[in-house]
Amino acid sequence: MAGAIWCVVEDDRQGNPKKVMAEVLGEASRLASPLTGQAEAVWLTDKATEAGIKQLGEWGAKRVLLVENAGLAPYRGEVWAPVLAELVQKESPQAVFGAVTTRQREVMARLAARLGAGLAADVVALAVEDGKLVATRPVYAGKLLSKMTWAKTPWLATLRPNVFKPAEAQSGAAAAVDKPAATVPAPAMSLVERREESSTGLPELAEAEIVVSGGRGLKGPENFVILESLAKVLGAAVGASRAAVDAGWRPHRFQIGQTGRTISPKLYLGFGISGAIQHLAGMRTSKVICAINKDPEAPIFKIADFGIVGDLFEVAPALEQEFKKLLEK
Ligand SMILES: Cc1cc2nc3c(=O)[nH]c(=O)nc-3n(C[C@H](O)[C@H](O)[C@H](O)COP(=O)(O)OP(=O)(O)OC[C@H]3O[C@@H](n4cnc5c(N)ncnc54)[C@H](O)[C@@H]3O)c2cc1C
């Protein structure tokens with residue numbers, strides 16, 4: 001619908017929208033009234049589910065534009081972007097929001113290039129001033145916050161997970177479903193030969209409410225089991241610094257920071273991480289930061305809400321025992 005606020009759906013590839021969609025749709029619904037345009041979900045998928053559509057409606061989507069086509073999986077930016085661009089050109093939404101996820105970071109940038117539109121990436125706040133959308137985003141590795149607005153519509157933005165208030169599911173709220181015609185181009189290249197799902201049994205880094213992160217102080221890949229064990233007790237995801245990733249102790253998808261993932265969990269626990277500015281860029285918006293380091297001068301203590309000066313090999317198991325006791329109560 002013209003003037004709508006679109007939210008590009010991030011799903012789990014099994015037909016279920018991810019939790020971050022509650023945040024993106026929640027924010028779009030909050031802005032819908034000052035901007036006079038309704039929140040709508042745009043779902044590109046090879047398999048939608050009834051439950052997924054229902055979920056989007058309960059999170060505030062007034063309408064779901066569903067493009068269901070086998071050619072949309074696996075995700076390829078060069079296939080998704082023209083489909084989204086065609087829909088935007090036909091319907092003229094005033095804004096298109098995505099989440100800061102691996103797929104949407106890419107596709108929103110491609111969409112902006114195709115439309116000649118402005119993209120505010122990694123946004124941490126949105127407001128309406130004089131009828132125009134204003135985005136706040138961190139710059140200089142999170143040292144400063146900059147405010148920006150757009151010269152023309154559509155306003156494109158990617159929203160950082162775990163920052164925006166998620167919509168409370170309104171049971172019974174149903175979205176209208178439209179299946180617009182869209183040309184799904186053939187992929188220009190085959191990027192994936194074999195796809196492997198990670199099965200750590202732990203939540204995904206970007207979505208987790210608690211993140212336990214390890215750095216060079218762990219001394220070797222074998223010691224990450226200490227953090228995984230703590231993470232299991234807390235229901236947390238495990239992340240890593242670049243030093244740990246560069247050493248080959250963890251795959252790159254677990255890296256937090258400027259050249260890794262940006263996270264904003266409710267609780268971040270950093271073990272044996274010094275707190276280099278490039279690491280802080282990826283986690284400084286965490287609600288509560290707790291650092292464990294044997295060096296009392298480690299820079300991470302400057303931004304930590306809680307600090308434990310000690311040997312992580314003693315502190316992590318001790319914390320695990322204490323959390324276990326607390327959670328068993
Ligand atoms: C362009 C660029 C991009 C970068 N992007 C990123 C990024 O995305 N993410 C990122 O993390 N880094 C990034 N870096 C690297 C960054 O500058 C740091 O080198 C890196 O974050 C350091 O990782 P670390 O804290 O694990 O290691 P170190 O800085 O070596 O710190 C290890 C810490 O462990 C402590 N320690 C050691 N043993 C113990 C123990 N037994 N118990 C408790 N504490 C202990 C030490 O006191 C020390 O503070 C980037 C750098 C550049 C130049």
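Everything here concerns the structure above.
Residues numbered from 1 in each chain as written. Predicted model: local features only at pLDDT ≥ 70, side-chain atom pairs only at ≥ 80, totals over all residues. Heavy atoms only, no water.

Caption draft 1: The arrangement of the packing of aromatic side chains in detail. Within the structure shown, the criterion is met by two aromatic pairs. Here the aromatic rings of Y75 and W80 are separated by 5.0 Å at their centres, their planes lie at 80°, and the arrangement is edge-to-face. Both residues of the pair, Y75 and W80, belong to the buried class. Ring centres of W150 and W155 lie 6.3 Å apart, and the angle between their planes is 40°; this geometry places the pair in the tilted category. Given the relative accessible area of 3%, W150 is considered buried. The side chain of R250 reaches across the aromatic face of F254, ending 4.8 Å from its centre. (Phe/Tyr/Trp six-rings, centres within 6.5 Å; stacked < 30°, edge-to-face > 60°. Buried < 20%, exposed > 50% of the residue type's maximum accessible area, 1.4 Å probe, protein only. Lys NZ or Arg CZ within 6 Å of the ring centre and 35° of its normal.)

Caption draft 2: Quick look at helix 2 (residues 50–58). Here helix 2 has its buried residues at G52, I53, L56, G57 and E58. Residues of helix 2 that are buried in the fold lie against helix 1 (20–35), strand 2 (39–45), strand 3 (63–68) and strand 10 (176–178). The positive-phi residue at the C-terminal boundary of helix 2 is G60, with phi of around 115°. (Helix = DSSP H or I, 4+ residues; strand = E, 2+ residues; numbered from the N terminus. Contact = heavy atoms within 4.5 Å.)

Caption draft 3: Inspection of the site of the ligand at higher detail. Around the ligand sit 26 residues, and of these R216, S241, T259, S274 and Q278 come closest. In this structure, I256 approaches the ligand through a main-chain N or O atom, which is 2.8 Å from a nitrogen atom. Measuring from an oxygen atom of the ligand, one finds a side-chain N or O atom of Q278 at 2.7 Å. Here the ligand loses 77% of its free accessible area of 990 Å² to cover by the protein chains. Elements that contribute at least two residues to the shell around the ligand include exactly helix 6 (242–246), helix 7 (277–280) and helix 9 (312–328). (Near = heavy atom within 4 Å. Polar contact = N/O pair within 3.5 Å; in protein donor to acceptor, adjacent residues only side chain to side chain. Areas by Shrake-Rupley, 256 points an atom, 1.4 Å probe, with all protein chains shown as cover.)

Caption draft 4: How the structure looks around helix 5 (residues 224–234). Looking at helix 5, one finds that the buried residues are F224, I226, L227, L230, A231 and L234. Along the axis of helix 5, the buried residues cluster in a sector spanning 150°; they form a single face. Of the residues in helix 5, the exposed ones pointing more than 90 degrees away from the buried face are V225 and K232. Directly after helix 5, the chain includes G235, whose backbone phi takes a positive value near 70°. (Arc of directions from axis to C-beta.)

Caption draft 5: Here's a closer look at the pattern of salt bridges. As enumerated under the stated definition, the model contains 17 salt bridges in all. Put simply, K18 and E204 hold a salt bridge, and the shortest N to O gap is 2.8 Å. Of this pair, K18 sits in the loop between strand 1 (5–8) and helix 1 while E204 sits in the loop between strand 10 and strand 11 (210–214); the two residues are 186 residues apart in sequence, bridging distant segments of the chain. Across the pair E129 and K147 runs a salt bridge whose closest N-O atoms are separated by 3.5 Å. Of the two residues, E129 sits in strand 6 (residues 125–129) while K147 sits in strand 8 (residues 144–149), which places them 18 residues apart along the sequence. When its relative accessible area of 37% is taken as the criterion, E129 is described as partly exposed. A single salt-bridge network, built from bridges that share partners, covers E40, R63, E91 and D178. (Salt bridge = Lys/Arg side-chain N within 4 Å of Asp/Glu carboxyl O.)

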